[in-house]
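The residues making up each chain are set out below.
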Amino acid sequence: MTTVIKGGTIVTADLTYKADVKIDGGKIIEIGPNLSGDTTLDAAGCYIMPGGIDPHVHLEMPFMGTYSADDFESGTRAALAGGTTMVVDFCLPDPGQSLLDALKRWDNKATRANCDYSFHMSVTWWGEQVFNEMKAVVAHHGINTFKHFMAYKGALMVNDDEMFASFQRCAELGALPLVHAENGDVVAAMQQKLMDEGNDGPEGHAYSRPPSVEGEATNRAIIIADMAGVPLYVVHTSCEQSHEAIRRARQNGMRVYGEPLIQHLTLDESEYFNKDWDHSARRVMSPPFRNKQHQDSLWAGLASGSLQVVATDHCAFTTDQKRTGLGDFRKIPNGTGGLEDRMPMLWTYGVATGRITMNEFVAVTSTNIAKILNIYPRKGAILVGADADLVVWDPKRSKTISAKSQQSSIDYNVFEGKEVTGLPRYTLTRGVVAVEESLMKTQEGHGQFVKREPFQAVNKALSTWKELTAPRKVERTGIPASGV
Ligand code: DUC
Ligand code: ZN
Ligand code: ZN
Ligand code: ZN
């Protein structure tokens, strides 16, 4: 059975042209004018784009004493509703737990996915077992990325020695390290001070995690990656300090990638000063939302290429879950949703305003991500042989974002009331229509795990041309007889 998407304009990361797309067996088999097939999807007035890839989601994640509320079923349903056809979740071993055991749990949860998915592995502790299992994760489990938390002291945080060891291991294995860059020691100290002074509301969360805390950690991770000779991916880049560090490293020749979230691009820190506790607590995430200057910096980074990816860090908690932090902002589960809204929000606030082009939109929501994660051109491309993960995007369709009509299982939406123009007419996952206008046709379990091969490219550490690196033993003749 063949399907033809007819009458639309193809938009990729580098081209815009009129053509039909023919699909069979879940793959694109032909691109050209006047194609016909068993089924036709009308794309008149629409753009045909590679489906979005969200490289940063937490579905059913055990975190801060609870589980994030969207699981692989509701989370991927939300993704497809908004034009995203693949998600990458973080496998999170408990400190001390085997990476491979954790992976079994994640494999199990993900069997319910409606769209394709992959995993990053988190390095939440360090030891010989982790060192050894990292090899199996890369070689046998199709995972080429390892996440490191520089924050969440006493829980997920790794120290610099552990991070350096893990980064070196990544370099050996052809894997890419990821960092959540915030100085966890400074955050913990600032949190304590705020609490001692009676600042226990959600605004305390923002005060305890200022941009410098993120900028410092980003710089530190970049230097450690440089010394380990490995590229680096900085998740949820939210501020100029962090962006500046990434820009500088790239200018110096390092492969360092930055990932702003749609939330940081479009929502600001005033959300934490709402009179309604629930309103502010629902927006507690790390890093927190920033002011307008930081937002401008992120938009400029997307336009100029110093930031490459827009993600969500989708980690949704219900209002009831958020209320565990009443009286102590440190206990408010960190996280916000965004999977369904990333593409329409970025189109509305990015493309429609002229901040980024349509081609840049495709690059930052899909193609760049596929390249960075080593799954291009199977994903992120409209090419013969690529997976038919596609979105037929109607630039005239609009809606007002509301929790009442969302797919996510939580009871609110941080973008509530925002008008978006630009929505999927169809979303296809491996050739199967999952969304037709507002009609959901998702199939639980349709999603498959996407294996990712190790990388060829490594960073030749910048420091090799600046500093002594290879140890050279010195044959000394002048050695004092004793230390006294
Ligand atoms: N930040 C969040 O807000 N939630 C999940 C984990 C994280 O780092
Ligand atoms: Zn067929
Ligand atoms: Zn994080
Ligand atoms: Zn995250």
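Residues numbered from 1 in each chain as written. Chains lettered and ligands numbered in written order. Predicted model: local features only at pLDDT ≥ 70, side-chain atom pairs only at ≥ 80, totals over all residues.

Quick look at the overall build of the chain now. Per the secondary structure count, the chain includes 14 helices and 20 strands. Whereas a compact globule of 484 residues would reach a radius of gyration of roughly 23 Å, the chain reaches 23 Å, a difference of no more than 12%. Overall, the C-alpha framework of the chain stretches about 90 × 55 × 40 Å when taken along its three principal axes. Burial status across the chain gives 55% buried among its 484 residues. Summarising the internal contacts of the chain: among those between residues at least 6 apart in sequence, 77% fall at separations of at least 24. (Helix = DSSP H or I, 4+ residues; strand = E, 2+ residues; numbered from the N terminus. Rg over C-alpha atoms; globule rule 2.2 N^0.38 Å. Buried ≥ 20, exposed ≤ 12 C-beta atoms within 10 Å, placed from the backbone. Contact = placed C-beta atoms within 7 Å.)

Pairs of packed helices are described in terms of their axes, by the angle between the two and the distance that separates them. Between helix α2 (residues 99–110) and helix α3 (residues 128–141), the least distance of the axes is 9 Å, while the angle of their chain directions is 40°. Taken together, α2 and α3 sit at an angle that is classed as oblique. Residue-level contacts link Leu99, Leu100 and Leu103 of α2 to Val130, Glu133, Ala136, Val137 and His141 of α3. Considering only residue class, the contact of α2 with α3 consists of six nonpolar, one polar and one charged. (Axes fitted to C-alpha atoms, helices over the stretch in contact; angles between N-to-C directions. Parallel < 35°, antiparallel > 145°, perpendicular 65-115°, else oblique. Nonpolar A, V, L, I, M, F, W, Y, C, P; charged D, E, K, R; others polar.)

A few words now on the sheet that holds strand β1 (residues 3–6). Spatially, the four strands line up as an open sheet ordered β5-β4-β1-β6, and their pairing is mixed. Edge positions in the sheet fall to β5 (27–32) and β6 (39–42), since each of these pairs with one other strand and no more. Across the sheet, the axes of successive neighbouring strands diverge by a mean angle of 20°, strand direction being ignored. (Pairing = 2+ DSSP bridges.)

In this section: the UniProt feature "domain: Amidohydrolase-related" (unreviewed entry) in the chain. Mapped onto this numbering, the UniProt entry gives "domain: Amidohydrolase-related" (unreviewed entry) at residues 47–420. The span residues 47–420 carries 40% helix and 16% strand; its end-to-end C-alpha distance comes to 16 Å. (UniProt positions renumbered as here; feature names shortened; annotations may be inferred.)

Turning our eyes to something else, we now look at the environment of His314. Tracing the backbone through its elements, the reader meets His314 in the loop between α11 (292–304) and α12 (319–322). You can call His314 buried: it has 31 C-beta atoms within 10 Å. Distance from His314 to Gln263, taken between C-alpha atoms, is 9.9 Å for residues 51 residues apart in sequence. Sequence-distant contacts of His314, that is, excluding residues within four places in its chain, are made with Asp54, Val57, His58, Asp70, Gly75, Gly337, Gly338 and Leu339.

This part takes up the sheet that holds strand β2 (residues 9–11). Read across the open sheet, the seven strands follow the order β3-β2-β7-β17-β18-β19-β20; overall the sheet is mixed. Among the strands making up the open sheet, the edge pair consists of β3 (16–18) and β20 (439–440). Two strands pair when backbone bridges link them, and strand β17 (residues 390–400) and strand β18 (residues 419–429) are joined in this way by eight bridges, in the antiparallel orientation. Bridge pairing links Leu390 to Leu428 in β18.

Bringing α2 into the picture now. For an α-helix, the turn length of 3.6 residues means that residues three or four places apart are oriented alike. Given a rise of 1.5 Å per residue, twelve residues ought to cover 16 Å, and the 16 Å separating the end C-alpha atoms of α2 matches this to within 8%. Turning to α2, its buried residues number three or more, namely Leu99, Ala102, Trp106 and Ala110. When α2 is viewed along its axis, its buried side chains cluster within an angular range of 75° and face the same direction. Looking at α2, the residues exposed on the side facing more than 90 degrees away from the buried face are Asp101, Lys104 and Asn108. (Expected span 1.5 Å × (residues − 1). Arc of directions from axis to C-beta.)

Moving on, we get to helix α1 (residues 72–81). Counting buried residues in α1 gives ten out of ten residues, a clear majority hidden from the surface. Here α1 has its buried residues at Phe72, Glu73, Ser74, Gly75, Thr76, Arg77, Ala78, Ala79, Leu80 and Ala81. Residues of α1 that are buried sit in contact with β8 (52–57), β11 (84–91), α2, β18, β19 (432–436) and β20. Looking one or two places after α1, you find Gly83, whose phi comes out positive at around 95°.

With that settled, consider the pairing of β18. Most of β18 sits inside the fold, with nine of its eleven residues counted as buried. Of the strand pairs in this sheet, β18 and β19 are connected by four bridges, and their pairing is antiparallel. Of the residues in β19, the one forming a bridge with Thr429 is Val432. The antiparallel hairpin formed by β18 and β19 contains two residues in its connecting segment, where Arg430 sits at a positive phi of about 40°.

What follows is about the environment of Asp54. When you line up the elements, Asp54 lands in strand β8. Separated by 30 residues in sequence, Asp54 and Thr84 have C-alpha atoms that sit 6.9 Å apart. Sequence-distant contacts of Asp54, defined by excluding residues within four places in its chain, comprise Ala79, Thr84, Val87, Val88, Ala311, Thr312, His314, Leu339 and Arg342.

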